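Report on the structure
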Amino acid sequence: MKQFIRSYAWEGTLVVLIVLAAIWSSTLSPYFLNSVNLLNSAAFFVIFALMAFGLFPIVVQGEIDISLASTLAVGAVLLANLSVAGIPLVAGLLITLLVCALLGAINGILVAVAGLPSLAVTLGTLGAYRGIAYILAGDAGITGLTPEYTQLGSTWVGAVPATVVLALVVAAGFGVLMGFTRFGRASYAIGNSAKASRMGGIAVIRNRVIAYALAGAMSGLAGLVWVSQYQSARGDNADGSILFVITAVVLGGVSIKGGSGRALGVLLSLVLLGTLQTGMKLANVPGTSQTLVVGLLLVASIGLPRAYQLIRARIAAHRPAHARTAALEDATPA
Amino acid sequence: MSSITRRGSRIWKGAAALVAGALLLTACSSTPPSAGGDDAAAGGEDVKIFMAPKFTGLAYFEVAREGGEQAGEDLGFTFDYIGSDKPDATEQIATLTNAIPQAPSALVVSAIDGDAVAPALKQARQQGIKVVTYDADAAVDARDLFVNQLSYELAAQTMLDAALLNSPEGGQVAFISASPSAPNHTAHVQIMKELIDTDPKYSSFSYIDTVQFAGDDAQKSQDIALNLIQANPDLKVIISSSAVSAPAAQQAIINAGLQGKVFATGFALPSSVKDFIESGASAAFALWDPAELGYVASVAAYQLATGEIKGEEGETIDAGDAGTYTIGKDGEILYDKPLMFTAENIGDYDF
């Protein structure tokens, strides 16, 4: 039991924060507790969720990819072009996922094989991929998509938007991938120490490239959600949304230094951010205040675990006999 | 083991108490903030209009907001200004999606991506919310009316006239736009090029074919302007339809010590170019009155919401001192009142 609480402390904190955020939101706006509206709003976050789950293994491996929103734009524009050209959805989606996976793999190869810093590499491809999207989209963007391509955005499973179901399936998929597969175990090992992993016989380069290619493919899938929800595509699609995606991953308890974090945490942090933003938007809170709240939350998410560690360490130093249990008790209310 | 379990349960009890406490606390404070919302929902006949700019915090949109607020005072409707401070289409879509459950009578929107926001606007219309676009249009079937500040042709002519006031003998012109996906900027540049090619009035100009994109960012606009000056020794005028880029380009010219030799012009808020014009570094910038534009759009939204007009072609909108306007084809209302700011009149404008 204690082990369970200790190891899922962050997820537990997120659940408490979600409850508090929901209560706060329902006091902010009388329109918050409305299941139709809540589900509509959830659909809005699917695009970011798909990118966040794609980014998750990369961060676990101790790297970063800030080009994902640009990859999404390439995917959305490509899908829109293929739709207008009359290509069936299955073929169009396959082509798009392959192209986006390739764009991701290019990042991965530059990082893993060439040994370049991932922030610099993906900063470069952030611009380059955005440029590709603009070239493919043309000046006016693309509209007039076939219903086949936009169906996902207007399909409901019971009362739940199909895109939300898709996001939950992806979340579960990444939970399994990172928790129960060799790729997952290798990712945590690489994040803890790439050097040691290499000596331990883990194919660091291959696992890195796979992680980046997978993130690219997830961005392509997010592109499908984009065109299905917004029935159009432009070169500037999702520009600037990468900060939200990184926020979701880090707030989900995935250490930016690599080596730790779970899919459940990422899912919960998305729910938390979604709850907060929906509540504030429903209450017409000014944009600057919204940005401030999310920013403070991110700082707190990095700061609180550190503070918790420091308090534990201090108490342990003072009371060696009861250190572990006492520290646990003291820290929990915070 | 049992002591650990007991301790564990104590922790959970503590946590539960904390949550319960928080619940109680927020439950107590829930009355005042929700009262406003209840009020608006209860007053059946009250007209409530939301204005959603592309993004908040840009002076141009804040001035347009004042016009909307004024319309609210004059006609007696509730006015709210909503939006994110980030210039992202997704942010605007979220803003609009979350506006719908609040059941405003009408939305007044400057679309950041006219096609991407269309599904959200259509959803609003399905729920009986009237939609008026101003400044930047959305897909035609996603809104009732579009109040267009200037027809693309008039905008292009106005900017070229401003360029002539700066450089009467003509010369080489370069263009800075916000982004390839800003349809109005793209159209402005296209028409300016055509006018230079065909209209004798502007035949003293030549132009650099490649258009630069600065994304409504002042820093980037300055960089681009400086590059343009350095790369093209014959450059005379930099023209931009971005109210951010035009003054930034003029600042870059001054920083390079080339005022009087090279000029920047286009659309800009008079407050942002007052110093340039008064110091003589620039002879003219142009715009329209964003406050009056916001006023006319809000009046149109109000009249749609109250059923005074249906939004059909040929109907007229009486906006009092701001003028009378006729709805044209595709629900478009041409505001079409360009303002040219020169040394003579720059002091008259306070926005």
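Rules used throughout
- Residues numbered from 1 in each chain as written.
- Chains lettered and ligands numbered in written order.
- Predicted model: local features only at pLDDT ≥ 70, side-chain atom pairs only at ≥ 80, totals over all residues.
- Domains from an automatic or database assignment.
- Contact = placed C-beta atoms within 7 Å.
- Helix = DSSP H or I, 4+ residues; strand = E, 2+ residues; numbered from the N terminus.
- Nonpolar A, V, L, I, M, F, W, Y, C, P; charged D, E, K, R; others polar.
- pLDDT = per-residue confidence, 0-100.
- Buried ≥ 20, exposed ≤ 12 C-beta atoms within 10 Å, placed from the backbone.

**Topic: the domain arrangement of chain A**
Residues and elements named next belong to chain A.
- Split by domain assignment, chain A resolves into domain 1 (12-285) and domain 2 (286-334).
- Taking only C-alpha atoms into account, the centre of domain 1 sits 28 Å from that of domain 2.
- Counting from both sides, the interface comprises eight residues of domain 1 and, opposite them, nine residues of domain 2.
- Of all the secondary structure elements, the ones that give two or more residues to the side of domain 1 that touches domain 2 are α13 (242-251) and α14 (263-282).
- With four residues, α14 is the single largest residue contributor to the side of domain 1 that touches domain 2.
- Residue composition of the side of domain 1 that touches domain 2, grouped by class: six nonpolar, two polar and no charged.

**Some details on the confidence of the model for chain B**
All names here are of chain B.
- In the predicted model, chain B carries a mean pLDDT of 87, and 87% of its residues have values of at least 70.
- Within chain B, strand β3 (residues 106-109) carries the highest mean pLDDT (98), whereas helix α2 (residues 31-42) carries the lowest (32).
- Predicted confidence is poor over residues 1-11, with pLDDT under 50, and the contacts of this stretch with residues over four places away or in other chains come to 10 contacts.
- Here residues 17-44 is a poorly scored stretch, pLDDT under 50, and it has 22 contacts once near neighbours within four places are set aside; other chains count.

**What about unusual backbone geometry?**
- Residues other than glycine seldom take positive phi values, yet A:Q231 does so here, at roughly 50 degrees.
- With respect to the secondary-structure elements, A:Q231 resides in the loop between α12 (204-230) and α13.
- By the C-beta count within 10 Å, which is 23 here, A:Q231 ends up buried.
- At B:D216, a position not held by glycine, the phi torsion is positive, near 55 degrees.
- Looking at the secondary structure, you find B:D216 in the loop between β8 (212-213) and α8 (218-231).

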